[in-house]
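Fold and contact review
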Amino acid sequence: MKKEAPSQKNVTIQDVANAAGVSKSTVSQFINKRFKYMSDDTKKKIEQTILELNYRPNDFARNLKTKKTKMIGIIVANIKHVFSTDIISAVEKKLSAHGLQAIICNSDDNPEKEKQFIELLTARQIDGLIIFPTNADVTLYEKILVDQIPLVLIDRKLEGLKADTVILDNETALYLAVSHLLEKKRKRIAMMTLPVEQHITPRIERIEGFYSAMKRSQQEVISDFVFSGTLLDIQTRLAEWLSNKEMPDAIIAGNDLVLETVLTFVKNHNLSIPSDLSILSIDDVPYAKVYNPTLTTVAQPTQQMGEMAATILLERLNNSGTPEVSLPLLYRFPPTLMDRESC
């Protein structure tokens, strides 16, 4: 009597093993891509049998056995930033190519919200975490490492935490910005960032980089022109400069959100770029090439930074528990000046 193949709904790993004439453990090794002691003929036979029976491995059951969920948590500080979305896109693409799913959470620059996301994701037993940190308390992140969950930080470094970190060379970024403005004969240069009270690395390093670049160029820094605050605070300070006729002749916007605020102010007060005011932004924005005039920026290599973050995490996952794995490193990426018409 002819033996019928199992229905698609009920096909099991044992059915595949029986049909292929191999053991269940051999099929399991094939599914998990452990081919070290498997002949090419056996691999072809199992692969063909899986196709014929239309077998679909039970990922959930397999993950329970391997203690892998194939999920990576990405916690972004503020998803409104172009920088953040570009990084996330590059990370997700790289992870997806390796069969990993990204779960993306937005903490809105709120340390408490970020903490809740970390607790939620670790409870779901994610395989690794990529975080744009908002919290200055390293104990939150140390617990992740103690639990042996691979962790990569992006855009922000935390002193005393032994975690791989991907970040821009902010000092060079500001040197490029200041040097370019000085070449354009600008003397009254202002630097504006969002609040530094949260100890967010790029904001602090960019202010420090501004002071350093001005000093290297033997230029005086007008203390009133170095300003950190909320977007509303920035609007207020711009209005004060204008009303007191103490406007700078150039503004370096610390990121894309600051840039948008400055451009809105310029438009509302009928100022001309660059004759009244030169504008240069750290972070290249999608509209920089089409804005009138086109906007000079210092661009971050977001594609490479995202790919590097994903690559580091994949290496940590693949070498988990291996003694010879390298110590955590700080990866600094070089910026690029995009010379356009706003300076």
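Residues numbered from 1 in each chain as written. Predicted model: local features only at pLDDT ≥ 70, side-chain atom pairs only at ≥ 80, totals over all residues. Heavy atoms only, no water.

Bringing the packing of helix α1 (residues 13-20) against helix α3 (residues 40-53) into the picture now. Look at α1 against α3: their axes get within 9 Å of each other, and the N-to-C directions meet at 120°. Put simply, α1 runs oblique to α3. Pair α1 / α3 crosses with right-handed handedness. Note on element contacts: α3 touches α1 through Lys45, Ile46, Thr49, Ile50 and Leu53, opposite Asp15, Val16, Ala19 and Ala20. Grouping the amino acids of the contact of α1 with α3 by side-chain chemistry returns six nonpolar, one polar and two charged. (Axes fitted to C-alpha atoms, helices over the stretch in contact; angles between N-to-C directions. Helix = DSSP H or I, 4+ residues; strand = E, 2+ residues; numbered from the N terminus. Parallel < 35°, antiparallel > 145°, perpendicular 65-115°, else oblique. Left-handed = near helix turned anticlockwise from the far one by under 90°. Contact = heavy atoms within 4.5 Å. Nonpolar A, V, L, I, M, F, W, Y, C, P; charged D, E, K, R; others polar.)

Glancing now at the sheet that holds strand β10 (residues 296-299). One open sheet accounts for six strands, arranged β7-β6-β8-β9-β10-β12; its pairing is mixed. This sheet does not close on itself; its edge strands, each paired only once, are β7 (226-228) and β12 (336-338). In this sheet, adjacent strand axes meet at a mean angle of 20° when their direction is disregarded. Sheet topology places strand β6 (residues 189-193) next to β7; three bridges connect them, and they run parallel. Residue pairing in the sheet places Met191 in a bridge with Val226 of β7. With respect to the sheet, helix α10 (residues 231-243) is in contact with β6, β7 and β8 (250-253), its orientation differing from that of β6 by roughly 160°. Across the sheet, helix α11 (residues 256-268) is in contact with β6, β8 and β9 (278-282); its angle to β9 comes to roughly 160°. (Pairing = 2+ DSSP bridges.)

Right, let's get into unusual backbone geometry. In this structure, the amide linkage connecting Ile273 to the following residue, Pro274, adopts the cis form with an omega of 5°. Position of Pro274 relative to the elements: it lies in the loop between α11 and β9. A cis amide bond links Asn292 to the next residue, Pro293, at an omega of 0°. Considering the arrangement of structural elements, one finds Pro293 in the loop between β9 and β10. Although it is not a glycine, Asp108 sits at a positive phi angle of roughly 55°. Inspection of the secondary structure assignment puts Asp108 in the loop between β2 (101-106) and α6 (111-123). Classification of Asp108 as partly exposed rests on a relative accessible area of 41%. Look at Gln218: it is not a glycine, yet its phi comes out positive at around 60°. Within the fold, Gln218 resides in the loop between α9 (201-216) and β7. Gln218 gets classed as exposed once you look at its relative accessible area, which sits at 74%. (Buried < 20%, exposed > 50% of the residue type's maximum accessible area, 1.4 Å probe, protein only.)

With that settled, the discussion passes to the packing of aromatic side chains. Overall, the coordinates contain four aromatic pairs when judged by the stated rule. Centroid distance Phe83 to Phe132: 6.3 Å. Interplanar angle 85°. Geometry classified as edge-to-face. Placement of Phe83 in helix α5 (residues 82-97) and of Phe132 in the loop between β3 (128-131) and α7 (139-146) is noted, with a sequence separation of 49 residues between them. Of the two residues, Phe83 and Phe132, neither departs from the other in class, the shared state being buried. An angle of 65° between the planes, with centres 6.2 Å apart, marks the rings of Phe210 and Tyr211 as edge-to-face. Exposure remark for Phe210: the relative accessible area of 0% places this residue in the buried category. (Phe/Tyr/Trp six-rings, centres within 6.5 Å; stacked < 30°, edge-to-face > 60°.)

Glancing now at the pairing of strand β1 (residues 71-76). Most of β1 sits out of view: six of its six residues are buried. The alternating pattern of β1 places Met71, Gly73 and Ile75 on one face and Ile72, Ile74 and Val76 on the opposite face, and all of these are buried. In terms of strand pairing, β1 meets β2 through six bridges, oriented parallel. Opposite Ile75, over in β2, you have Cys105 as the bridge partner. Taking the sense of rotation as the criterion, the β-α-β connection linking β1, α5 and β2 turns out right-handed. The sheet contact formed by β1 and β3 spans four bridges and is parallel. Paired with Ile72 across the bridge in β3 is Gly128. (Right-handed = clockwise from strand over helix to strand, strands pointing away.)

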